[in-house]
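Structural overview
Residues per chain, in single letters:
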Amino acid sequence: MSRIKRWFNANKGKFDLDGTLKNEAREKMLRRGISHAAIDDYVLRMQEEYDHLKHLDETDPEPWPIYTAYDFFTAEEKQQFNPDGSLKPEYVEAAVKKGTSERWLEEMGRRKKIDVDNYNKVSAKKAEQGINFGEQEMNVRVSASRTYVQRLHQMEVDLRNFEDTDSLPFDKDTSY
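First, a word on what this report is: a plain description of the structure on this page. (Residues numbered from 1 in each chain as written. Predicted model: local features only at pLDDT ≥ 70, side-chain atom pairs only at ≥ 80, totals over all residues. Heavy atoms only, no water.)

1. Comments concerning the overall build of the chain
- Of regular secondary structure, the chain possesses eight helices and zero strands.
- The N-to-C order of helical and strand elements in the chain reads α-α-α-α-α-α-α-α.
- Taking 16 Å as the expected radius of gyration for a compact globule of 176 residues, we find that the chain reaches 24 Å, considerably beyond that expectation.
- Taken along the three principal axes of its C-alpha coordinates, the chain extends 80 × 45 × 35 Å.
- Here the chain holds 176 residues, and 26% of them are scored as buried.
- Counting contacts in the chain only where the partners sit at least 6 residues apart, residues at least 24 apart contribute 49% of the total. (Helix = DSSP H or I, 4+ residues; strand = E, 2+ residues; numbered from the N terminus. Rg over C-alpha atoms; globule rule 2.2 N^0.38 Å. Buried < 20%, exposed > 50% of the residue type's maximum accessible area, 1.4 Å probe, protein only. Contact = heavy atoms within 4.5 Å.)

What follows is the structure, given as structure tokens:
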């Protein structure tokens, strides 16, 4: 239910789980001088939005690709480490034969396990908020790997769509 979770996050605790306005929020609006009619209109619009998002979540759920920490390992790291961050036995064996200390290999494994655990914790916390952390991270990587020409083209599209200029990769007055 990521749409509903995002809706709740955006509305900062003003609504109950069924989409109704909390009494405390209504009282706060009244104290701020907002009329009953304006509040009722606001509640009606928000309830319609809530119902629409709930319906979409039930009938057309958003795709939620699952990315693990392993998906973000480099090619070299994938040869060295298992998905849980532990070193692969064949890598350890080859590294020891080449003279790498076992102590250093243990430290490498320890650090990579911490990285994997941190990724999993952040991913789980973000998922509770309706945010797909893995997908966000993958999008960042894909975006960063684009060529200059691709980013310039995307900026032109973003400008046509009136995106915030702070989100553009270049100054909008750049001559191209």
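2. Examining the nonpolar core
- Residues W7, F8, F15, L21 and Y42 are the most contacted members of the largest nonpolar core, which totals 13 residues.
- In contact with F8, other than residues within four places in its own chain, are G13, F15, D16, L17 and Y50.
- Within the second largest apolar cluster, 12 residues are counted, among which are F81, A95, Y119 and M138. (Core = buried A, V, L, I, M, F, W, Y, C linked by side-chain atoms within 4.5 Å.)

3. Some thoughts on the packing of helix 5 (residues 89–97) against helix 6 (residues 102–128)
- Contact geometry for helix 5 and helix 6: axes closest at 10 Å, N-to-C directions at 145°. Crossing hand, helix 5 versus helix 6: right-handed. Listed contacts from helix 6 to Y91, V92, A95 and V96 of helix 5 are E102, L105 and M108.
- Split by residue class, the contact of helix 5 with helix 6 holds six nonpolar, no polar and one charged. (Axes fitted to C-alpha atoms, helices over the stretch in contact; angles between N-to-C directions. Left-handed = near helix turned anticlockwise from the far one by under 90°. Nonpolar A, V, L, I, M, F, W, Y, C, P; charged D, E, K, R; others polar.)

4. Some remarks on the environment of S145
- Note on placement: S145 falls in the loop between helix 7 (133–144) and helix 8 (148–160).
- Given the relative accessible area of 57%, S145 is considered exposed.

5. Details of the packing of aromatic side chains
- Under the criterion given, the structure shown has 10 aromatic pairs.
- Ring centres of W7 and F8 lie 5.2 Å apart, and the angle between their planes is 80°; this geometry places the pair in the edge-to-face category.
- Judged by its relative accessible area of 3%, W7 is buried.
- Among the residues examined, F8 registers a relative accessible area of 18% and is labelled buried.
- Centroid distance Y67 to F72: 6.2 Å. Interplanar angle 50°. Geometry classified as tilted.
- Taking relative accessible area as the criterion, Y67 reaches 25% and is therefore assigned partly exposed.
- Clustering of aromatic rings is evident, with ring pairs tying together W7, F8, F15, Y42 and Y50. (Phe/Tyr/Trp six-rings, centres within 6.5 Å; stacked < 30°, edge-to-face > 60°.)

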